[in-house]
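# Per-entry structural report
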Amino acid sequence: MIEHVVGHDPDCLFCKIVAGKIPSKLVYQDDELYAFHDIKPWAPVHFLIIPKMHIPSMAHLQAEHAALMGRMMVLAPQLAMEQGCNAYPAGGFRVLANTGDEGGQEVHHLHVHVMGGPRPWLKG
Ligand code: AMP
Ligand code: ZN
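These notes cover the structure that comes with them. (Residues numbered from 1 in each chain as written. Chains lettered and ligands numbered in written order. Predicted model: local features only at pLDDT ≥ 70, side-chain atom pairs only at ≥ 80, totals over all residues. Heavy atoms only, no water.)

Note on soluble globular proteins: their nonpolar side chains tend to be buried together. Residues Ala35, Phe47, Ile49, Met72, Leu79 and Val114 are the most contacted members of the largest nonpolar core, which totals 18 residues. Mapped onto this core, the elements with two or more residues apiece are strand E2 (33–37), strand E3 (45–51), helix H2 (66–82) and strand E5 (112–116). Residue contacts for Met72: discarding those within four places in its chain leaves Leu33, Ile49, Ile50, Pro51, Leu110 and Val112. Counting residues in each nonpolar core, the second largest holds 10 residues, with Cys15, Ile17, Phe36 and Val107 among its members. (Core = buried A, V, L, I, M, F, W, Y, C linked by side-chain atoms within 4.5 Å. Buried < 20%, exposed > 50% of the residue type's maximum accessible area, 1.4 Å probe, protein only. Helix = DSSP H or I, 4+ residues; strand = E, 2+ residues; numbered from the N terminus. Contact = heavy atoms within 4.5 Å.)

Structure, rendered in structure tokens:
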């Protein structure tokens with residue numbers, strides 16, 4: 001798998017997850033994207049969608065990444081429903097991309113959080 005991944009950082013936690021060097025609870029994967037359950041969920045449904053390619057954050061995005069980010073956004077509602085989020089409008093979900101220190105980013109491999117399910121949630 002890893003030989004197909006452009007922009008791999010061997011020291012990056014999420015690159016190691018994509019490479020299978022650190023275990024994760026898989027939600028979805030294809031050639032470009034990988035989704036897995038957050039290890040410390042805030043909500044009944046809480047998973048992350050990441051590009052397999054190492055892009056450190058949303059601050060690093062270029063025009064060439066538009067289609068990839070578009071695919072992530074279209075995938076989010078599909079996976080949210082599959083993972084048990086309730087239907088819009090009474091249900092729904094939250095999509096969050098922490099970016100940089102002041103944005104609360106802890107893992108510097110671009111990811112979007114998808115959170116949902118009945119409230120209350122632990123945070124947010
Ligand atoms: P952020 O603050 O947006 O960078 O969030 C990073 C997220 O990654 C946090 O919600 C962590 O709980 C989650 N996380 C860290 N390590 C792992 C892991 N090994 N497997 C799954 N999720 C993780
Ligand atoms: Zn990475």
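Within the structure, ligand 1 sits among 16 residues, and Asp38, Asn98, Glu106, His111 and His113 are positioned closest to it. Within the backbone of Gly104, one N or O atom sits 3.0 Å away from an oxygen atom of ligand 1. Val107 places a polar main-chain atom, nitrogen or oxygen, 2.9 Å from an oxygen atom of ligand 1. Taking 510 Å² as the accessible area of ligand 1 by itself, protein coverage stands at 87%. Per-element tally for the shell around ligand 1: the top contributor is helix H1 (residues 13–18), with 3 residues. Considered class by class, the residues forming the shell around ligand 1 number 7 nonpolar, 6 polar and 3 charged. (Near = heavy atom within 4 Å. Polar contact = N/O pair within 3.5 Å; in protein donor to acceptor, adjacent residues only side chain to side chain. Areas by Shrake-Rupley, 256 points an atom, 1.4 Å probe, with all protein chains shown as cover. Nonpolar A, V, L, I, M, F, W, Y, C, P; charged D, E, K, R; others polar.)

What follows deals with the coordination of the zinc ion (ligand 2). Each pair of donors in an ideal four-coordinate tetrahedral metal site encloses 109.5 degrees, whereas pairs in an ideal six-coordinate octahedral site enclose 90 or 180 degrees. Within the protein, Cys12 (SG), Cys15 (SG), His54 (ND1) and His109 (ND1) serve as the donor atoms for the zinc ion (ligand 2), at 2.0 to 2.3 Å. Note that the zinc ion (ligand 2) binds 4 donor atoms; their angles at the metal cover 106 to 117°, and the shape is tetrahedral. In the primary structure, the donors to the zinc ion (ligand 2) are separated according to the pattern C-x2-C-x38-H-x54-H. Here the residue Cys15 occupies a position in helix H1, and His54 occupies one in the loop between E3 and H2, the gap between them amounting to 39 residues. For His54, a relative accessible area of 18% gives the class buried. (Donors = N, O, S within 2.8 Å, 3.2 Å for Na, K, Ca; no water. Tetrahedral: all angles 85-135°; square planar, octahedral: opposite > 155°, others 65-115°.)

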